[in-house]
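Below, each chain spelled out in residue letters.
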Amino acid sequence: MVEHFAINGGARLEGAVDVIGAKNSVLKLMAAALLAEGTTTLTNCPEILDVPLMADVLRSLGCTVEVNHDTVTIDVPAAPGAQADYRSVSKLRASVCVLGPLVARCRRAIVPLPGGDAIGSRPLDMHQAGLRKLGATTEIEHGRVVAQADELRGAQIWLDFPSVGATENILMAAVLAEGVTVIDNAAREPEIVDLCTMLQQMGAKLEGVGTSTLTVHGVTGLQPTTHRVIGDRIVGATWAFAAAMTRGSVTVRGVDPHHLDLVLDKLRTAGADTTIGNQEFTVRMDGRPRAVDFVTLPYPGFATDLQPMAIAVSAVAEGTSMITENVFEARFRFVDEMVRLGADARTDGHHAVVRGVERLSSAPVWASDIRAGAGLVLAALCADGRTEVWDVEHIDRGYPRFVENLRALGADVARVSTDPDR
């Protein structure tokens, strides 16, 4: 069966929604469990497709993994396998984060080049360069990253770009390296902080957590732990944009609002009222949003994962917005689908110019990645008539119970299954 979302636009979203653990954190935390023999338990995990996919990657390395609603239990053997299964790795990008832990634990790793969203090239150059600085040899052979090291030693590592994935892989290798490693220009995302928190619970010695300079004092071994995953700021921000676009009022619970300071500031500039509480916030918009410019940058800048939502709100705003994409070059593929919905949008290289219209029009559209799919659903909420959003398996990879949450907030949306052979 093939599924799509059917959305009748025009509803004003109102109410409260709970956000569970971050997709961009839980998968890396699952990989970090490889660093210690024994049972590690993660709670507040999102019930999304990527979690069982990552569980399959870990099982291919000899781990026993149980996924029970929002709890993931990982039992890591004394000698995990060093070669990840291609079929499992090819389905999600985050699987590459097993590279660092395997080099640290096994002194060898064979990881097929990962799959994932079609949002542009994401080379592993910085991952490999960092591991080489620590003493490993790495190369690409037959579509696989092959890394090995007789020993790992601390090093001074400078990242040309604050890559989240490279920071994570280097960090997880460095915690078991001999000596001190300094990672300069490290990524500072809240998900990096969450990983550091879990590593510290396991016995890692870290300094500079949350800054652009991470100092790692290598230890000889780590212990398994129990850790609660932080709330998903990208999902939380998606609901914030949904409230603004539908001229509604939505309270988002389970996310640190300070992880979204820039997002909430942009929405206030667009005319929204915001209220911040403890692990929750409310966005209320009574009129049509005003046009705002967006520039995607590494944290604490505006997240590239929210660029489709920025374009969606700009499409119905009063005035003209410019959106500049500095992270993933193919992310503007989404704009073609927005134009199908009646958006007045043009792209030129890293820039998109969007002239807001009062109301979008319904059409069948296709999601090319997780966030593009969510952005199309938000746009469909502001369209006349019935919109069908296809390829929703992408959305399911990042948004648990998306349709159910939308319906609870007042949206007219349904998940529809069809037989492709009929």
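Residues numbered from 1 in each chain as written. Predicted model: local features only at pLDDT ≥ 70, side-chain atom pairs only at ≥ 80, totals over all residues. Heavy atoms only, no water.

Asks: Please explain the UniProt feature "binding site: UDP-N-acetyl-alpha-D-glucosamine" (unreviewed entry) in the chain as it appears in this structure.
Replies: Taken from the UniProt record, the annotation "binding site: UDP-N-acetyl-alpha-D-glucosamine" (unreviewed entry) applies to Arg93, Asp305 and Val327. By secondary structure assignment, the location of Asp305 is in the loop between β17 (294–295) and α10 (307–315). By relative accessible area, Asp305 is classed as buried at 14%. The contacts of Asp305, once residues within four sequence positions are left out, are Asn24, Ile234, Arg331 and Arg371. Looking at Asp305, its side chain comes within polar contact range of the side chain of Asn24, at 3.2 Å. Mapping Val327 onto the fold places it in the loop between β18 (320–324) and α11 (333–340). For Val327, a relative accessible area of 26% translates into the label partly exposed. Not counting the four nearest positions on each side in its chain, Val327 is found in contact with Thr296 and Thr304. (UniProt positions renumbered as here; feature names shortened; annotations may be inferred. Helix = DSSP H or I, 4+ residues; strand = E, 2+ residues; numbered from the N terminus. Buried < 20%, exposed > 50% of the residue type's maximum accessible area, 1.4 Å probe, protein only. Contact = heavy atoms within 4.5 Å. Polar contact = N/O pair within 3.5 Å; in protein donor to acceptor, adjacent residues only side chain to side chain.)

Asks: Is there a simple way to explain the sheet that holds strand β3 (residues 38–43) in this structure?
Replies: To summarise the sheet geometry, strands pair through backbone hydrogen bonds and adopt either a parallel or an antiparallel arrangement. Here four strands make up an open sheet; going across it, the order is β4-β5-β3-β13 and the pairing mixed. On the outer flanks of this sheet lie β4 (64–68) and β13 (226–228), each paired with one strand and no other. Strand-to-strand twist in this sheet, taken as the mean axis angle between neighbours without regard to direction, amounts to 15°. As paired elements, β4 and strand β5 (residues 71–76) share five bridges and run antiparallel to each other. Looking at the pairing, Val67 lines up with Val72 of β5. Of the strands in this sheet, β3, β5 and β13 are in contact with helix α1 (residues 23–32), which crosses β3 at around 170°. Against the sheet, helix α7 (residues 190–201) makes contact with β3 and β13, and its axis sits at roughly 160° relative to β13, the strand it touches most. (Pairing = 2+ DSSP bridges. Axes fitted to C-alpha atoms, helices over the stretch in contact; angles between N-to-C directions.)

Asks: Is there a simple way to explain the pattern of salt bridges in this structure?
Replies: One pass over the structure, following the stated rule, counts 18 salt bridges. Arg415 is the salt-bridge partner of Glu3, the closest N and O atoms lying 2.8 Å from each other. Here Arg415 lies in strand β25 (residues 412–418) and Glu3 lies in strand β1 (residues 2–8), a separation of 412 residues in the sequence. Measuring nitrogen to oxygen at the nearest pair gives 2.9 Å for the salt bridge that ties Lys28 to Glu168. Of this pair, Lys28 sits in helix α1 while Glu168 sits in helix α6 (residues 164–174), placing them 140 residues apart in sequence. This pair shows no difference in class: Lys28 is buried, exactly as Glu168 is. A cluster of three or more residues bridged by salt bridges with shared partners is formed by Glu3, Asp396 and Arg415. (Salt bridge = Lys/Arg side-chain N within 4 Å of Asp/Glu carboxyl O.)

Asks: Hey, could you run me through the packing of aromatic side chains in this one?
Replies: Any two aromatic rings considered together are summarised by their centre-to-centre distance and by the angle between their planes. Taken as a whole and assessed by the stated rule, the structure comprises five aromatic pairs. Summarising the aromatic geometry, the rings of Phe241 and Phe302 are spaced 6.4 Å apart at their centres and angled 90° between planes, so their arrangement reads as edge-to-face. Taken together, the residues Phe241 in helix α8 (residues 233–245) and Phe302 in the loop between β17 and α10 connect sequence positions 61 residues apart. Relative to Phe402, the ring of Tyr399 has its centre 4.9 Å away and its plane inclined at 40°; by these criteria the two rings are tilted. With a relative accessible area of 2%, Tyr399 lands in the buried category. Each residue in the set Trp239, Tyr399 and Phe402 is aromatic and connected to the rest through ring pairs, giving one cluster. Over the face of the ring belonging to Phe294 we find Lys266, whose NZ or CZ atom lies 5.5 Å from the ring centre. (Phe/Tyr/Trp six-rings, centres within 6.5 Å; stacked < 30°, edge-to-face > 60°. Lys NZ or Arg CZ within 6 Å of the ring centre and 35° of its normal.)

Asks: Would you take a moment to explain the sheet that holds strand β10 (residues 180–184) for this structure?
Replies: Strands sit in the order β9-β10-β12-β11 across an open sheet of four strands; the sheet is mixed. Where the open sheet ends on each side, the last strands, each with one partner, are β9 (156–158) and β11 (205–207). Mean inter-strand twist for the sheet, computed between neighbouring axes without regard to direction, equals 15°. In this sheet, strand β12 (residues 213–217) lies alongside β11 in antiparallel orientation, the contact comprising three bridges. Its bridge partner lying in β12, Leu206 is registered against Val216.

Asks: I'm lost on the packing of α10 against helix α12 (residues 370–381) in this one. Help?
Replies: How two helices pack is summed up by the angle between their axes together with the distance between the axes. Remark: α10 packs on α12, axes separated minimally by 8 Å, with the N-to-C direction vectors making an angle of 20°. In this view, α10 runs roughly parallel relative to α12, as classed from their interaxial angle. In this structure, the crossing between α10 and α12 has a hand that is right-handed. Residues Pro308, Met309 and Ala312 of α10 form the contact with α12, whose participating residues are Arg371, Ala372, Ala374, Gly375 and Leu378. Grouping the constituent residues of the contact of α10 with α12 by class yields six nonpolar, one polar and one charged. (Parallel < 35°, antiparallel > 145°, perpendicular 65-115°, else oblique. Left-handed = near helix turned anticlockwise from the far one by under 90°. Nonpolar A, V, L, I, M, F, W, Y, C, P; charged D, E, K, R; others polar.)

Asks: What am I meant to see in α12 here?
Replies: Since one α-helical turn is 3.6 residues long, residues separated by three or four positions face the same way. Taking 1.5 Å of rise per residue, twelve residues should cover 16 Å, and α12 covers 17 Å from first to last C-alpha, within 8% of that figure. Among the twelve residues of α12, twelve are classified as buried, and the element is accordingly described as predominantly covered. Along α12, the positions that sit buried rather than exposed are Ile370, Arg371, Ala372, Gly373, Ala374, Gly375, Leu376, Val377, Leu378, Ala379, Ala380 and Leu381. The residue sitting at the N-terminus of α12 and contributing the capping side-chain oxygen is Asp369; that oxygen lies 2.9 Å from the backbone nitrogen of Arg371. (Expected span 1.5 Å × (residues − 1).)

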